Amino acid sequence: MLRFIARRVLMAVPTLFIMAVSVFALIRFIPGDPAALMLGDMADPAGLSDLRERLGLNHSLPVQFAIWFGNIFQGDLGHSITSSQPVLPLILDRFWISAKIVLIAVLFATLVAVPAGMIAAWRQNSLLDLVLVGAATILLSVPTFWLGLLLLILFGLKLEWLPIVGYVSFSEDPLAALLYIVMPIATLFLHEMGVLIRMSRASTLEVLRLDYITHARAKGLSEGAVLMRHAFKNAFGPTWTLIGLVLGNLLGGIAVVETVFTIPGLGRLLVDSIFARDYPVIQGCLLFIAFVYVVVNIVVDLLYPVFDPRVTAE
Amino acid sequence: MKVKARTLLAGCLTGALMGVALPAQAQQAPLRISLNADIRSTNPGVNRDDNTDAVVLHVVEGLVAYGEDSSIKPLLAQSVSVSKDGLAYTFKLRNGVKFHNGTPLTAEDVAWSWKRYTDPKTEWRCLSEFDGRGRSKVQAVETPDAQTVVFRLDKPDALFLATLARTDCGMTGVIHKDSVKADGSWDRPIGTGPFKLEEWRRGEFVKLSKFDDYANPAEGKIDGYAGSKRPLVNEVRFVVVPDSAAAKAALLRGDIDVVPDLANADVKEIKANSSVGLSIAQNMGLSTLLIQTRDPLLSNVKIRQAIAAALDTPQITAAVTEGLAKHNNSIVPLSSSYHTAAHDKGYTYDPEAAQRLLKEAGYKGEPIVILTNKRYPQTFASSVLIQAMLQAVGINATLEVLEWGTQLDRYNKGNYQVMAFPYSARLDPSLSYDSVMGPKDKQPRKVWDNPEAQALLEKSMMVSDRAERQKIFDELHARFLKEVPFVMLYNGIEASAFRKNVQGYTASVLSKPRAWEVRIAN
């Protein structure tokens, strides 16, 4: 077990290094200059060169990279060009906000989608199956920003049940906080549910065709027991992997949902920074997202044996 | 497991239902104004953008400020006098002005603030305007008594006051010494403005509160950043709402009281809604079609004239601003007092003349690429129309849409043939001309490079006589129409929408929301 973890962590190191180099290089391939963007069309040459000097943009690229990379090892991701805040606390602050929404949404999506997918597979080609698969396909095809805007219009504007803009943290007022994040959570929940239902249905279908299920039924077990005791464990594996991927994906990228619902999360921080060419923040965010992705996948792999004893962590 | 999940779900639903009533319980509602992005800092004129200026200028004030007609008016100063040689500016301070911490404003505070701004460590954006790299240098600031400040320049500068008052310079706002920490680093603005800074929650909102001891500079009407500036609400909250559709929905719902920058396309819908009001102002930004005069093809003046003749600018303007703006082919903005009848003269829309000019120029269908962006919807919309109109006279025009940062980079390097480009507002005609004129060898971003015209522009910055300046601007305009270094289309529109119970809110020619002289009726 420990050897497995150690190996996985070591394997992540080159991934993160390659990530760091490519993030640094790619961002600088995009035309645009953070100093010029800060000054806009009002830039005069003297002011522009002052600002470039101050931001350390006058150094050559290898020197900039060496400074940045050296600082990472001391746990310093640099300072934001636009807000001058240190990058790591900035990312962590924003990350908790996004993570809360993503984790709750994915938890609920899993709780609903896995049984729904199994039931659809169990009653394959019935009306129920058709309805579930149809709903799932629609949900996963609808872009999240559009779904979000529809929810805003319905619950915010027409019914006036939920506030439209703003954000309150849980520590401040748990009830109000809940009100503000219900819609973003619902948006993600609906979308991810569509993805997970399809996966759960497909993997259950495969398992239900196997001989041991026929054997279980022949033994005279009830359908419930067949599904829960025999089919579920084997069918859940692929879905569990997908949940890992979905989590890794969402934890780094719900910028669209955050923008629509004015949630100050990590995704919006990243998008704003890209528009402002805030290099240290973009680099920090992408590196952090890669790190989260790696961690989530290690955790998912470690938990795999819990659901499928045939898989071991050795 | 099942039971747990059900309990959890039920708990959430109950919570949600109970919480529905919460917003209604709020007491004495603040005035909530939306901002399309968070502010960058609270440090005036240092780390800033338009939103930052808009918020910070509620808290700090300068000696002079722009009025609604872009003329310079005293703000913290009672009066300003200029010596005959134009080298000394004497400011008499208003009596009874206090900082937010209760201490009275004195000439010493002005001198201290100036010293801080001109310290390179402060990183003031406008330092290069005053330290000799710009038109003039401030050689000394003297305080003969507690209510008098004298600025001494090395040469006459007609734009000295206009530069001091610039919003992007933080209005050279006078702040109290306690605004900075003991080590000299920035803490928070303690100014003299109508509102005090209470809290800035990054990415969420900026909260200001009423300054009870505010000394109103003038009774009567609101006038740009001068005029009457009474704080009439107890709290102002600038709320960050990056998505414009969400901002509109929040306004209609009543979660936001003012949306200062409504998209032109939404104006019609908002007008039809009885719960919200609308205020529209034409700002001083320039919406342009820039032409690279060093491009082998476009260096030919006849082709540039053909482009101007092919464009129906009144129609483009009406289409992209939903009929809200009037076209303007002069670099001097419509709302400027220098925009006289001479500046109403523009290009003549004449497709046949355009075709004739193209033929004379020997144009053989070489491609012309128009760069544009989608950050500014009007800019994009106008480029589409421009492309169609150019194609109609036989110009092989194609569109290339760039992300804004990339377009700005191409602009700064002069690396384009033609681009639709919006300039932010300059409040003096000399500054408007200066934003587009200059030597391309030294500054590739400059668009109009003509030494004779440049000499005229520099003269306009030295002379203070109004009639003489007007004559210079008139001549520059005549040359501009003839040479067509680029095409001027219109000045932008500022459409602000507000809830009907918000009283006194007006859109400003300065393109920024103002919370003073605004009240919320019950």
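Residues numbered from 1 in each chain as written. Chains lettered and ligands numbered in written order. Predicted model: local features only at pLDDT ≥ 70, side-chain atom pairs only at ≥ 80, totals over all residues. Heavy atoms only, no water.

A. Broad picture of the pairing of strand S18 (residues 486-499) of chain B. Residue and element names in this part refer to chain B. With 14 of 14 residues buried, S18 is to be regarded as a mostly interior element. Judged from the two bridges that link them, strand S13 (residues 258-259) and S18 form a sheet pairing that is antiparallel. Across the sheet, Val258 pairs through a bridge with Phe498, a residue of S18. In this sheet, S18 lies alongside strand S14 (residues 276-291) in antiparallel orientation, the contact comprising 12 bridges. Bridging from a neighbouring strand, Thr288 pairs with Met488 of S18. (Buried < 20%, exposed > 50% of the residue type's maximum accessible area, 1.4 Å probe, protein only. Helix = DSSP H or I, 4+ residues; strand = E, 2+ residues; numbered from the N terminus. Pairing = 2+ DSSP bridges.)

B. Representation of unusual backbone geometry. Residue and element names in this part refer to chain B. Located in the positive-phi region is Glu123, a residue other than glycine, with phi close to 65°. Mapping Glu123 onto the fold places it in the loop between helix H4 (107-117) and helix H5 (127-130). For Glu123, a relative accessible area of 30% corresponds to the partly exposed category. Unusually for a residue other than glycine, Glu322 sits at a positive phi of about 55°. Tracing the backbone shows Glu322 in the loop between helix H10 (313-320) and helix H11 (341-344). We classify Glu322 as partly exposed; its relative accessible area is 40%.

C. Examining the packing of helix H9 (residues 301-310) of chain B against helix H12 (residues 351-361) of chain B more closely. All names here are of chain B. The geometry of H9 relative to H12 is characterised by a closest axis approach of 8 Å and an angle of 165° between their N-to-C directions. Considering the angle they form, H9 stands roughly antiparallel to H12. Viewed along their axes, H9 and H12 form a crossing whose handedness is left-handed. Residue-level contacts link Lys302, Ile303, Gln305, Ala306, Ala309 and Ala310 of H9 to Pro351, Ala354, Leu357, Leu358, Glu360 and Ala361 of H12. In terms of residue class, the contact of H9 with H12 is made up of nine nonpolar, one polar and two charged. (Axes fitted to C-alpha atoms, helices over the stretch in contact; angles between N-to-C directions. Parallel < 35°, antiparallel > 145°, perpendicular 65-115°, else oblique. Left-handed = near helix turned anticlockwise from the far one by under 90°. Contact = heavy atoms within 4.5 Å. Nonpolar A, V, L, I, M, F, W, Y, C, P; charged D, E, K, R; others polar.)

D. Seen up close, the nonpolar core. The biggest cluster of nonpolar side chains holds 133 residues, and the ones touching the most others in it are Phe91, Phe151, Phe160 and Val487 of chain B. Taken domain by domain, this core gets at least three of its residues from each of domain 1 (2-16 + 29-257 + 501-520) and domain 2 (284-492) of chain B. Discounting chain neighbours no more than four positions away, the residues touching Val487 of chain B are Thr288, Leu289, Ile291, Ile307, Ala308, Leu311, Thr313 and Tyr347 of chain B. One finds Leu77, Leu90, Leu139 and Val257 of chain A within the second-largest nonpolar core, a separate group that totals 107 residues. (Core = buried A, V, L, I, M, F, W, Y, C linked by side-chain atoms within 4.5 Å. Domains from an automatic or database assignment.)

E. Main features of the interface of chain B and chain A. Of the residues lining the interface, 51 residues belong to chain B; the matching set on chain A comes to 51 residues. Buried area between chain B and chain A, summed over both chains or domains, comes out near 4,300 Å², and the portion from carbon and sulfur atoms is 59%. Scanning the region where chain B abuts chain A turns up three salt bridges. For the interface between chain B and chain A, the tally reads eight residue pairs in polar contact (both at pLDDT 80 or more). (Buried area = accessible area lost by both parts, 1.4 Å probe. Salt bridge = Lys/Arg side-chain N within 4 Å of Asp/Glu carboxyl O. Polar contact = N/O pair within 3.5 Å; in protein donor to acceptor, adjacent residues only side chain to side chain.)

F. Expanded view of the sheet that holds strand S5 (residues 88-93) of chain B. Residue and element names in this part refer to chain B. Overall, antiparallel pairing links the four strands, which are arranged S4-S5-S7-S6 in an open sheet. Every other strand in the sheet has two partners, leaving strand S4 (77-82) and strand S6 (138-145) as the edge strands with one partner each. Across the sheet, the mean angle from the axis of one strand to that of its neighbour is 20°, orientation sign disregarded. Across five bridges, S5 lies against strand S7 (residues 148-153) in antiparallel orientation.

G. Broad picture of the domain arrangement of chain A. All names here are of chain A. Once the domains are mapped, chain A shows domain 1 (2-73) and domain 2 (87-307). For domain 1 and domain 2, the distance between their C-alpha centroids amounts to 32 Å. Taken together, the contacts link 20 residues of domain 1 with 15 residues of domain 2. The contact between domain 1 and domain 2 buries some 1,700 Å² in all, and 76% of this surface belongs to carbon and sulfur atoms. Its largest share of buried area at the contact with domain 2, domain 1 owes to Arg8, Leu16 and Ile27, together 29% of the area lost on that side. Inspection of the domain 1/domain 2 interface yields one salt bridge. Where domain 1 meets domain 2, there are three residue pairs in polar contact (both at pLDDT 80 or more). For the side of domain 1 that touches domain 2, the elements supplying multiple residues, two or more each, are helix H1 (2-29), helix H2 (34-39) and helix H4 (61-72).

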